[in-house]
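Structural overview
Here is what each chain is made of, one letter per residue.
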Amino acid sequence: MSVSKVSAGILQGMLFYGRLVGLVFFKYRNKKDGSLEESEEVFFLDGPLFKWLKTILRLLCFCCYIYLYAAYATHLEIYSSKYLHCLRLMVSVSCFLGVLRLQIFKEKEVIQLVNRFIKLFRKVRALSQKKSYGFGGERELILILLLFGSNFEEFFLLFGFIINPANKLAWICDIYIYMICNTILSINVLWYLGLGVFYSELNEYIHAPQMNEEVSLSIFRDISHIVSSFQSIFNCQLGLSLFQKLLHVIIVTYKLILDLQFIEIWLYLEVVKVMLDFLLLCLAVQGAVNQFRNVRRNIPDIYFSSQLQDPKRTMDILVTHLNLYDLRVRVLGCFDISNGLFLQKASAVVMYLLLVLQCVMELKSIL
């Protein structure tokens, strides 16, 4: 079995898991022989009964989460800790409501967007006469496995009430809301992984002898509109999700100071998990940006060597279009997601942890 087929199988398993726990509101449809008609939708919505049943159960869990977490935060005696937990509650509520808005009011738009991308992806493969099936190569498989492992960790947290049965309801509600908020980050990682694979295969097509310049220009326009639509829907939610993870790191490390402990391994593992999620996002985005730049860099040579009557005019149109629709992931208009950003944030987190450890050691020596 090829690497790309393994990746595709894992993605289908993750999609099934998302539907099972109510995090994903669409499912995959394919024929038994593996072929897919052009008019057939790849993804389609759940039935209305199943959809509203999941929504009601999710709202009940959400209400319990607000009540229990607010009661916990208001009874804290340290004002700084109370402030941090109240801020985390507000951000979690905003993330949850944003996901709920996507699943109720934006569901058809999201489905149409995904189907447009899948059909365009298959169109490029058909034009390049590539007969392989699957998703990406070894790099994509490694990132998908890491993402699967990061999400699978939530299974152990979800069943943590076995260890602490006294807070069973509070534990389940908190972890479930955390999983819903984390869904946005996972969707973005998978989206930009797919976008990187798409640009990679598009780069192969424009180097192929059967490449058609007008068809290529049409593909570039279509994928630019798809990417712009996706970012307009998900970028705000991605910013909230990243902010929630930042608060999670601050609260976890602040607990080290309050407890005067610096050998609590599970707290460090929580920080490592947050940084792993952010690393996966940065690697997926950077891979897609690099493939996009490879395509843009190769365009002039290919078009000047083609048989077009006016290659300069066609190339100017395409390069101008690619410059106007440059692939950038700017979260809330503040910063671009990239590998350089991860290195900055990782170094900042390491310095912050060292500062926390030093603070704990000083307090223990004084007390």
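Residues numbered from 1 in each chain as written. Predicted model: local features only at pLDDT ≥ 70, side-chain atom pairs only at ≥ 80, totals over all residues. Heavy atoms only, no water.

Re the overall build of the protein
Applied cut-off: Only DSSP runs of H or I reaching four residues or more are called helices, and only runs of E reaching two or more are called strands; each is numbered from the N terminus. Burial classes follow relative accessibility: with a 1.4 Å probe on protein chains only, a residue under 20% of its type's maximum area counts as buried, one over 50% as exposed, and anything between as partly exposed. In this analysis, two residues are considered to be in contact whenever any of their non-hydrogen atoms come within 4.5 Å of each other. Per-residue and other accessible areas follow the Shrake-Rupley method at a 1.4 Å probe size, with only the shown protein chains counted as cover for residues.
Scanning the protein from terminus to terminus reveals 10 helices and four strands. For the protein, the N- to C-terminal ordering of α and β elements is α-β-β-α-α-α-α-α-α-α-α-β-β-α. Relative to its full complement of 367 residues, the protein shows a buried share of 47%. Within the protein, counting contacts between residues at least 6 apart in sequence, those at least 24 apart form 78% of the total. Split by element, the accessible area of the protein, about 19,200 Å² in all, is 66% carbon and sulfur.

What to know about the packing of helix α3 (residues 79-104) against helix α6 (residues 168-206)
What counts here: Between N-to-C directions, angles cover 0 to 180 degrees, with each direction set by a line fitted to C-alpha atoms, over the stretch in contact for helices. Note on terminology: angles under 35 degrees are roughly parallel, angles over 145 are roughly antiparallel, angles of 65 to 115 are roughly perpendicular, and the others are oblique. Should the near helix be turned counterclockwise from the far one by less than a right angle, the crossing is left-handed, whereas a clockwise turn marks it as right-handed. The residue classification treats Ala, Val, Leu, Ile, Met, Phe, Trp, Tyr, Cys and Pro as nonpolar and Asp, Glu, Lys and Arg as charged. All others, Gly included, are polar.
In the contact formed by α3 and α6, the axes pass within 9 Å of each other and the chain directions differ by 60°. Viewed along their axes, α3 and α6 adopt a mutual orientation that is oblique. Between α3 and α6 the crossing geometry is left-handed. Between α3, through R88, S92, C95, F96, V99 and L102, and α6, the contact on the second element is made entirely by D174, I177, Y178, I180, C181 and I184. Looking at the contact of α3 with α6, its residues break down into nine nonpolar, one polar and two charged.

Some remarks on the pattern of salt bridges
Let me state the cut-off plainly: By convention in these notes, a salt bridge is any Lys or Arg side-chain nitrogen within 4 Å of a carboxyl oxygen on Asp or Glu.
A full pass over the atoms with the stated rule returns six salt bridges. The salt bridge partner of R139 is E140, with a shortest N-O separation of 3.9 Å. Since its relative accessible area comes to 37%, R139 is described here as partly exposed. A salt bridge links D336 to R328; the nearest nitrogen and oxygen atoms lie 2.9 Å apart. Relative accessible area serves as the criterion here: at 27%, D336 is assigned to the partly exposed category.

Examining α6
Each full turn of the α-helix corresponds to 3.6 residues, which orients residues three or four apart in the same direction. The following threshold applies: Expected helix span is taken as 1.5 Å per residue step, with the number of steps being one fewer than the number of residues. Bend at a residue means the angle formed by two fitted axes: the first through the 7 residues ending at that position, the second through the 7 residues beginning there.
Spanning 39 residues, α6 covers 57 Å between terminal C-alpha atoms, matching the ideal 57 Å at 1.5 Å per step. The principal kink in α6, of about 30°, is found at N182. Where burial is concerned, most of α6 is hidden: 29 out of the 39 residues are buried.

Digging into the nonpolar core
Soluble globular proteins tend to pack their nonpolar side chains together in the buried interior. Where we set the bar: For our purposes a nonpolar core is just a set of buried Ala, Val, Leu, Ile, Met, Phe, Trp, Tyr and Cys residues, chained together by side-chain atoms within 4.5 Å.
The biggest cluster of nonpolar side chains holds 90 residues, and the ones touching the most others in it are F117, Y192, L195, F198, Y199, L202 and I337. Among the elements that take part in this core, α6 stands out by supplying 18 residues, more than any other. Once you skip the residues sitting within four places of it in the chain, Y192 turns out to touch F230, Q231, N235, A284, V285, A288 and V329.

Quick word on the packing of aromatic side chains
Definition in use: Two rings belonging to Phe, Tyr or Trp (six-membered ring only in the last case) form a pair when the distance between their centres is within 6.5 Å. Interplanar angles under 30 degrees mark stacking, angles over 60 mark edge-to-face geometry, and anything in between is tilted.
Applying the stated criterion across every chain, the model contains 13 aromatic pairs. Centroid distance F117 to F121: 6.0 Å. Interplanar angle 70°. Geometry classified as edge-to-face. One end of the pair is F117 and the other is F121, both in helix α4 (residues 107-127) and four residues apart, which spans about a single turn. You'll find F117 and F121 in the same group, each marked buried. Look at F117 and F198: their rings are 5.8 Å apart centre to centre, the planes differ by 50°, and that puts the pair in the tilted class. On the criterion of sequence distance, the pair formed by F117 in helix α4 and F198 in helix α6 is long-range, its members being 81 residues apart. Of the two residues examined, F117 and F198, each falls in the buried class. Clustering of aromatic rings is evident, with ring pairs tying together F117, F121, W191, Y192, F198, Y199, F230, F234 and F292.

Brief notes about the confidence of the model for the protein
Stated precisely, the cut-off is as follows: The pLDDT score gives, residue by residue, the confidence of the prediction method on a 0 to 100 scale.
Per-chain confidence: the protein averages 77 in pLDDT, with 77% of residues scoring 70 or above. Across residues 31-41, where pLDDT falls below 50, the model places 13 contacts with residues more than four positions away in sequence or in other chains.

Points about a nonpolar patch on the surface
This is how it is decided: Every patch collects residues that have over 30% relative accessible area and no salt bridge, joining them within 9 Å if they carry like charges and within 5 Å if they are nonpolar side chains (Val, Leu, Ile, Met, Phe, Trp, Tyr).
Side chains of L53, I56, L57 and L60 sit close together on the surface and give an oily, nonpolar patch of about 400 Å² of accessible area. Assignment of secondary structure puts I56 in helix α2 (residues 48-74).

A closer look at the packing of α4 against α6
It is the contact of α4 with α6, at a shortest axis distance of 9 Å, that shows an interaxial angle of 25°. As summarised for this structure, α4 and α6 are arranged roughly parallel, according to the angle between their axes. Here α4 and α6 pass one another in a crossing that is left-handed. Packed against α4, whose contacting residues are F117, L120, F121, V124, R125 and L127, the element α6 presents W191, G194, L195, V197, F198, E201, L202 and Y205 at the interface. The residue makeup of the contact of α4 with α6, split by class, is 11 nonpolar, one polar and two charged.

Quick look at the environment of L242
With respect to the helices and strands, the residue L242 is situated in helix α7 (residues 213-259). Distance in space between the C-alpha atoms of L242 and V274 is 9.3 Å, their sequence separation being 32 residues. Ignoring sequence-local partners within four residues, the contact set of L242 consists of L185, F278, L281, V331 and I337.

Quick look at the environment of S216
Among the structural elements, S216 can be located in helix α7. For S216, a relative accessible area of 1% puts it in the buried group. The spatial distance from the C-alpha of S216 to the C-alpha of V124 is 9.2 Å, given a sequence separation of 92 residues.

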